[in-house]
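Structural characterization, general
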Amino acid sequence: MQSARIEQYLLEARPATWLVIGGRGAGKTRLGAEWVNSLVRGFSPFADRAHSPIALVGETLADVREVMIDGPSGIVTISRHDRPRFEASRRRLVWNSGAVAQIFSSEDPESLRGPQFQAAWCDELAKWKHAESCFDMLQFGLRLGDRPRQLITTTPRPLPILKRLLADPAVMVTRMRSDDNSANLAPGFLNAVRNRYGRTVLGRQELDGELVEDREDALWSRDMLAAATVAEAADLRRIVVAVDPPAGSRKTSDACGIVAVGLDGAGRAVVLADATVRAARPQDWAGAAVRLFHRLAADSIVAEVNQGGDMVTAVIRTVDAAVPVKPVRARRSKWLRAEPVAALYQQGKVVHAGNFPELEDEMCDFGANGLSNGRSPDRVDALVWAVTELMPDWSTEPRIRDFL
């Protein structure tokens with residue numbers, strides 16, 4: 001039997017926008033589901049009457065269905081009376097009273113152009129694919145009733161949209177930690193994750209619900225990457241896929257960094273894709289690299305061979321013997337190799353064709369002592385190899401240049 005906590009209720013507050021920032025398992029989904037049910041039935045202290053229609057917006061349509069609606073803490077699951085039914089063909093949830101909640105995905109902001117609502121529940125805003133445009137479209141649709149309102153539940157990431165909401169005095173903010181909901185979590189869960197992540201940036205973000213800003217000694221900053229983001233890549237003269245293979249082949253091994261970068265007509269390096277994988281078998285990461293190579297019609301795969309030597313090239317060859325592979329060997333530290341690439345960002349010589357959240361998180365957490373969680377900066381390493389290959393005049397690293 002789950003027990004509620006006082007911070008999961010609005011009580012007498014009546015904000016137009018309620019932002020709930022919390023760690024994993026802090027009770028955000030249950031809060032959102034109860035909030036929607038209360039609005040539909042019109043008996044909560046912050047609902048003057050029943051609200052309908054309501055927008056349910058998640059990262060994907062599958063997330064809305066599997067988490068917000070049918071998940072363990074979802075709207076349907078927690079409904080004891082007047083349980084709503086889901087109409088898949090119409091992408092909506094319907095109550096016996098006639099109240100309706102429509103579902104939307106952050107992948108398709110344009111789907112919010114046209115519909116109108118009295119309320120909206122936005123889940124995991126920090127994960128949304130097109131957060132800015134999707135959120136903007138939703139605001140134009142919140143135009144029914146005397147006082148349209150919205151609830152945003154999310155684990156934080158230092159994104160511009162989230163920082164703007166936190167700075168807005170009209171937004172009511174509630175913070176929740178995973179520890180606060182320990183009574184409703186599996187025994188041992190918190191101890192296990194605290195022991196592993198407690199003092200890391202990831203732990204502060206995912207457990208304490210803390211918005212972690214840039215690391216002071218990091219080579220990259222969020223503002224730098226925001227300024228380096230472009231809508232699309234055009235007139236690419238070369239494309240390479242860089243691979244930073246893991247040292248082992250166990251499930252606990254580091255991820256295999258796989259990053260694609262192109263060189264445009266203006267002489268800029270353009271980051272095109274981050275296909276990094278955590279694969280138990282070498283054939284899996286080699287397959288991911290080769291698939292990206294073919295999808296982008298790249299010129300070659302650049303592979304670091306420090307850890308595996310000739311084996312790295314041999315594994316890629318088993319997937320596709322025709323793929324050109326260029327081995328590179330590190331003779332300086334990751335930090336020293338990354339410094340000139342970070343300088344290229346500052347000079348506007350490297351841009352990102354879109355957003356790559358996991359890569360960018362790693363870049364902004366990469367300091368003189370590596371990542372704050374102690375893991376290998378696999379994505380950063382692959383990025384550095386790719387940019388260095390395309391812009392060799394900036395390299396501080398002697399490399400093996402011949403194709404094998």
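Before going into details, it helps to say that this report is about the structure given with it. Model, not experiment: these values are computed from the prediction.

This part covers the sheet that holds strand β13 (residues 300–304). Reading across the sheet, the seven strands line up as β9-β15-β12-β11-β10-β13-β14 and stay open at both edges, with mixed pairing between neighbours. Since the sheet does not close on itself, it has two edges, and those belong to β9 (229–230) and β14 (325–328), each with one partner. The pairing of β9 with strand β15 (residues 350–353) spans two bridges and is classified as parallel. Each residue of the ladder has a partner; that of Thr229, found in β15, is His352.

What follows covers the nonpolar core. Counting residues in hydrophobic clusters, the biggest one holds 36 residues, and the most contacted among them are Trp220, Val261, Val271, Tyr345, Met363, Leu383 and Val387. Mapped onto this core, the elements with two or more residues apiece are α8 (222–227), β10 (236–244), β11 (257–264), β12 (269–274), α11 (334–346), α12 (357–364) and α13 (378–390). The greatest single-element share of this core, amounting to eight residues, is contributed by α13. Setting aside anything within four residues of it in sequence, one finds Val387 in contact with Val261, Ala269, Val341, Leu344 and Val350. Residues Leu296, Ile316, Val325 and Val351 belong to the second largest nonpolar core, which totals 29 residues.

What follows concerns the pattern of salt bridges. Evaluated as defined, the whole model comprises 19 salt bridges. The salt bridge involving Arg238 is made with Glu389; its shortest N-O contact spans 3.8 Å. Within this pair, whereas Arg238 is found in strand β10, its partner Glu389 is found in helix α13, the two being separated by 151 residues in sequence. Glu389 sits in the buried class, given a relative accessible area of 4%.

So, how was this worked out
- Residues numbered from 1 in each chain as written.
- Predicted model: local features only at pLDDT ≥ 70, side-chain atom pairs only at ≥ 80, totals over all residues.
- Heavy atoms only, no water.
- Pairing = 2+ DSSP bridges.
- Helix = DSSP H or I, 4+ residues; strand = E, 2+ residues; numbered from the N terminus.
- Core = buried A, V, L, I, M, F, W, Y, C linked by side-chain atoms within 4.5 Å.
- Buried < 20%, exposed > 50% of the residue type's maximum accessible area, 1.4 Å probe, protein only.
- Contact = heavy atoms within 4.5 Å.
- Salt bridge = Lys/Arg side-chain N within 4 Å of Asp/Glu carboxyl O.

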